[in-house]
Amino acid sequence: MNTKTILFVVNPISGRSDKKGLIEKTKTFIALNGYEPVVYKTSGHEDQKEIKKLIRQYKPERLVVAGGDGTVQMVASSLGNETPCLGILPSGSANGLAKNLHLPDGIDEQLKVALGRSTIQIDSLKVDGKDCLHIADLGLNAQLIKNYETSNIRGKIGYLMQSVPTLFQTDYPFEFEVEANGKNHHGEGILLAIANARQFGTGATINPKGKLNDGKFEIILFKHLDPKEILKTLTDQKEINKEFAESMSTTYARIKAKKPVPLQIDGEYIGQVNDFEVEVYPRKLTIAVPEGFEP
């Protein structure tokens, strides 16, 4: 192809907003920057296969992704050995990775970042053989995501409406065994997080010392429901009360549960698991970030 292209992948049903205006604005912005926009709208059917085909066909200079964490993760998983930079236009119900990258709120500023020169390379994880860029977890939050995905109400209101039923319908605490750093750790709790980043899309800081590019991830066991400590996660706290949660850093872990526990990866419900591995994947992912961003 003689014309340099940018592949624009958009999830048309992510979040609650209509994407028509976003698509037109993004196509115009890409063209004004001297590139040919190639647009792909996800359908939920063989999206990775189609995106891989477009990458091979056009060899894009960059990929721009409009959607939530699940869409970004799916596109990143489609890259294989290709290494184009990823620009993110956060437009999902949960945009945790964008939150951790300090991406701006307005679409005009987001587009400038997505096609800008400032980039970083971040780690990616393999969780039960599946890619993870942001946060995976087992327990209450994964069950909440499952309930949300089966409901008809999108956005943060949808999550809120499913939160109370999830608390009353889920059999917790869960018992875990974690093999990491040459030791076996036993414990029970309401949630076991596998964190490559610091924050959920809600702004809750569950991994204060986490860095996206340090070659490690953290495993955090939240022991019980404590409204006071949960509210503290919404502040810029430097560490979490050890009576509320325990954390460890590692590059590999094997996680077992006494009984199958719900698992979510980057905001997508995966299913129930009770024995799997987590490791840092050798490949780094290049992502566009605001000028001056420090992970």
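Chains are numbered independently. Their residues run from 1 in the order of the written sequence. Whole-chain, interface and lining totals are the exception, using all residues; otherwise, since this is a predicted model, local features are given only for residues with pLDDT of at least 70 and side-chain atom pairs are given and counted only at 80 or more. Each side-chain value is worked out from all heavy atoms of the structure, with water and hydrogens disregarded.

## Description of the packing of helix α2 (residues 47-58) against helix α3 (residues 69-77)
For helices, the axis comes from a line fit to the C-alpha atoms of the stretch in contact; other axes are also lines fit to C-alpha atoms, and the angle between any two N-to-C directions lies between 0 and 180 degrees. Secondary structure elements follow DSSP: runs of H or I of four or more residues count as helices, runs of E of two or more count as strands, with numbering from the N terminus. Look at α2 against α3: their axes get within 9 Å of each other, and the N-to-C directions meet at 55 degrees. In terms of orientation, α2 lies oblique with respect to α3. For α2 against α3, the interelement crossing comes out right-handed. Along its contact with α2, which presents D47, Q48, I51 and K52, the element α3 presents M74, V75 and S77. Classification convention: Asp, Glu, Lys, Arg as charged; Ala, Val, Leu, Ile, Met, Phe, Trp, Tyr, Cys, Pro as nonpolar; all other residues, Gly among them, as polar. Partitioning the contact of α2 with α3 into residue classes produces three nonpolar, two polar and two charged. Orientation labels follow simple angle bins: below 35 degrees gives roughly parallel, above 145 gives roughly antiparallel, 65 to 115 gives roughly perpendicular, and whatever is left gives oblique. If you view the pair so one helix is near and one far, a crossing is left-handed when the near helix is turned anticlockwise from the far one by less than a right angle, and right-handed when it is turned clockwise. The contact criterion used throughout is that any non-hydrogen atoms of two residues lie within 4.5 Å.

## A few points about the pattern of salt bridges
Whenever Lys or Arg places a side-chain nitrogen within 4 Å of a carboxyl oxygen from Asp or Glu, that contact is recorded as a salt bridge. This structure, assessed with the given rule, holds eleven salt bridges. The partner of E246 in a salt bridge is K223, and the shortest N-O contact between them spans 3.0 Å. Placement of E246 in strand β12 (residues 245-250) and of K223 in the loop between β11 (217-222) and α8 (227-232) is noted, with a sequence separation of 23 residues between them. In this structure E246 comes out as partly exposed when scored by relative accessible area, which is 44%. Burial here depends on accessible area, computed with a 1.4 Å probe over protein chains only, as a share of the maximum for the residue type. Under 20% is buried, over 50% is exposed, and the range in between is partly exposed. With a relative accessible area of 24%, K223 lands in the partly exposed category. Residue D275 pairs with R254 through a salt bridge whose shortest N-O separation is 2.8 Å. Residue D275 is located in strand β14 (residues 268-288), and its partner R254 is located in strand β13 (residues 252-265); the two are separated by 21 residues in the primary sequence.

## Things to note about the environment of K126
Note on placement: K126 falls in strand β5 (residues 119-127). The exposure class of K126 is buried, given its relative accessible area of 19%. Considering only alpha carbons, one finds K126 and G44, 82 residues apart in sequence, at a separation of 22 Å. If we ignore the near neighbours within four places in the chain, the residues touching K126 are D131, E277, V278, E279 and Y281.

## Notes on the environment of P295
Along the chain, P295 falls in the segment after β14. When near neighbours in sequence (up to four residues on either side) are disregarded, P295 contacts K211 and N213.

## What about the pairing of strand β10 (residues 191-195)?
Two faces make up the sheet, and in a regular strand the side chains alternate between them. A large share of β10 lies buried, amounting to five of its five residues. In β10, alternate side chains face the same way, and those of L191, A193 and A195 on one face and L192 and I194 on the other are all buried. Where strand β7 (residues 135-139) meets β10, five bridges bridge the pair, whose relative direction is antiparallel. Residue pairing across strands places L138 opposite L192, the latter belonging to β10. Should DSSP find at least two bridges between two strands, the strands are regarded as paired. Alignment of β10 against β11, held across five bridges, turns out to be antiparallel. Residue pairing across strands places I194 opposite I219, the latter belonging to β11.

## Describing the packing of aromatic side chains
Any two rings among Phe, Tyr and Trp, with Trp reduced to its six-membered ring, count as a pair given centres within 6.5 Å; such a pair is stacked if its planes are under 30 degrees apart, edge-to-face if over 60, and tilted if neither. In the structure shown here, the tally under the stated rule is two aromatic pairs. On the numbers, 6.4 Å between centres and 50 degrees between planes, the contact of F174 with F176 is tilted. Ring geometry for F222 versus F244: centroids 5.4 Å apart, planes at 70 degrees, classification edge-to-face. Taken together, the residues span a long stretch of sequence, with F222 in strand β11 and F244 in the loop between α8 and β12 at a distance of 22 residues. No difference in accessibility class separates F222 from F244, as the two residues are buried. Charge-over-ring placement is defined geometrically: NZ (Lys) or CZ (Arg) within 6 Å of the ring centre, and within 35 degrees of the ring normal. The ring of Y281 is capped by K126, whose NZ or CZ atom sits 4.8 Å from the centre of that ring.

Everything listed is a geometric property; what it means functionally is a separate question.
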